[in-house]
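Remarks on the overall topology
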Amino acid sequence: MKEKGKKLYTLLVYSENVAGILNQVTAVFTRRQVNIESLNVSASSIPGVHKYTITAWSDEDQIIRIARQIEKKIDVVKANYFTDDQLFIRESGLYKLATDKVMENPEISRTIRRFDAHIIEVNPTYTIAMKHGITEDIISLYRALDAFGCVLQYTRSGRIAVTRGMQEQVSAFLEEREQKTQEIG
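Given the structure is predicted, the values throughout are model-derived calculations rather than measurements. (Residues numbered from 1 in each chain as written. Predicted model: local features only at pLDDT ≥ 70, side-chain atom pairs only at ≥ 80, totals over all residues. Heavy atoms only, no water.)

Points about the environment of Thr135
In plain terms, the rule: Think of it this way: any DSSP run of H or I at least four residues long counts as a helix, any run of E at least two long counts as a strand, and we number them from the N terminus. We call two residues contacting when some pair of their heavy atoms lies within 4.5 Å.
Mapped onto the secondary structure, Thr135 falls in helix 5 (residues 135-147). The contact partners of Thr135, leaving out residues within four places of it in the chain, are Glu91, Arg156 and Arg159.

Right, here's the structure in full:
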């Protein structure tokens, strides 16, 4: 939910794959009383390095401090913050719908197709629809379906994002660190 005077930022945090680092990262937000809107953690394209994609409403000064504080954690390799125009972003939405209502109202199926979503399962009790895309489109489909009174459950995934550059920004950082290590050794 948008907060007054704040902008939605996405932090991409890269860390070693160690237990407890997620707690350390989220604690930085808690201490600064910044609510995390979405959080996704997965392996990155770099072996042994995990990628955290975190969204939060903040002002730029505060998000800079948060990124710096996260980067100070021992097992964190790099933390960067971005605005939506600097990233390629996707989410997924799952919509569990009452099958009887879907069958009796063809406008529901047309709405699903109009939003470029897909029905992935149908049984006598419920129908599952899925949509991939940007947050606003996923929420818009939910609102459209909810207006028909057919939504039994709804959920959205956390955001996944890649930078618009050729490689992960952490790659250059790791290469530079490796060079320095070789020069010292």
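A look at the nonpolar core
How we decide: By convention a nonpolar core is built from buried Ala, Val, Leu, Ile, Met, Phe, Trp, Tyr and Cys residues, the set being connected through side-chain atoms within 4.5 Å. With a 1.4 Å probe rolled over the protein chains alone, any residue whose accessible area is under 20% of its type maximum counts as buried; one over 50% counts as exposed, and the rest are partly exposed.
Within the largest apolar cluster, 17 residues are counted, with the highest numbers of intra-cluster contacts made by Leu11, Val13, Val25, Phe29, Ile54, Ile66 and Ile70. Those elements that provide at least two residues to this core are strand 1 (7-16), helix 1 (21-31), strand 3 (49-58), helix 2 (60-71) and strand 4 (76-82). Not counting chain neighbours up to four residues away, the residues in contact with Phe29 comprise Leu11, Val34, Ile36, Ile54, Ala56, Ile66 and Ile70. Of all hydrophobic cores here, the second largest spans twelve residues; its members include Ile108, Ile112, Ala129 and Leu145.

Comments concerning the pattern of salt bridges
We apply this condition: For this document, the term salt bridge refers to a Lys or Arg side-chain nitrogen within 4 Å of an Asp or Glu carboxyl oxygen.
This model, assessed by the stated rule, comprises five salt bridges. Glu91 is the partner of Arg156 in a salt bridge, and the nearest nitrogen-oxygen pair spans 2.9 Å. In this pair, Arg156 sits in strand 8 (residues 151-156) while Glu91 sits in strand 5 (residues 87-98), placing the two residues 65 residues apart along the sequence. With a shortest N-O distance of 3.1 Å, Arg110 and Glu107 are connected by a salt bridge. Here Arg110 and its partner Glu107 are both found in helix 4 (residues 106-114), three residues apart, which amounts to about one turn of the helix.

Concerning the pairing of strand 4
Spelled out, the test is: DSSP calls a pair of strands paired once it identifies at least 2 bridges connecting them.
Among the seven residues in strand 4, six count as buried, and that is most of the element. One ladder, built from six bridges, connects strand 1 with strand 4; its direction is antiparallel. Note that in strand 4 the partner of Leu12 across the bridge is Asn80.

Observations concerning the sheet that holds strand 1
Definition in use: Fitted lines through C-alpha atoms give the axes, limited to the stretch in contact for helices. The angle between two N-to-C directions lies from 0 to 180 degrees.
Here four strands make up an open sheet; going across it, the order is 2-3-1-4 and the pairing antiparallel. Edge positions in the sheet fall to strand 2 (36-43) and strand 4, since each of these pairs with one other strand and no more. Direction aside, neighbouring strands of the sheet carry axes that sit 15 degrees apart on average. Relative to strand 4, helix 2 is tilted by about 170 degrees, and along the sheet it contacts strand 1, strand 3 and strand 4.

A few points about the packing of aromatic side chains
What counts here: Think of it this way: a Phe, Tyr or Trp ring, Trp meaning its six-membered ring, pairs with another when their centres are within 6.5 Å, and the plane angle makes it stacked under 30 degrees, edge-to-face over 60, tilted otherwise. In this scheme, the term charge over a ring applies when either NZ of a lysine or CZ of an arginine sits within 6 Å of the ring centre and within 35 degrees of the ring normal.
Following the criterion strictly, the structure yields three aromatic pairs and no others. Seen from their ring centres, Tyr142 and Tyr154 are 4.3 Å apart, and the 25 degrees between their planes marks the pair as stacked. Of the two residues, Tyr142 is situated in helix 5 and Tyr154 in strand 8; the sequence distance between them amounts to twelve residues. The partly exposed category is assigned to Tyr142, whose relative accessible area is 24%. Here a set of aromatic residues connected by ring pairs shows up, and it is made of Tyr95, Tyr142 and Tyr154. Between the NZ or CZ atom of Lys96 and the centre of the ring of Tyr126, over which it lies, the distance is 4.4 Å.

Concerning the packing of helix 1 against helix 2
The following threshold applies: Should the near helix be turned anticlockwise from the far one by less than a right angle, the crossing is left-handed, and should it be turned clockwise, the crossing is right-handed. The classification used treats Ala, Val, Leu, Ile, Met, Phe, Trp, Tyr, Cys and Pro as nonpolar, Asp, Glu, Lys and Arg as charged, and all other residues, Gly among them, as polar.
Axis separation between helix 1 and helix 2 bottoms out at 10 Å; the angle between their running directions is 145 degrees. In this structure, helix 1 crosses over helix 2, and the sense of that crossing is right-handed. Where helix 1 abuts helix 2, its residues Val25, Val28, Phe29 and Arg31 lie against Ile66, Gln69 and Ile70. Classifying every residue of the contact of helix 1 with helix 2 gives five nonpolar, one polar and one charged.

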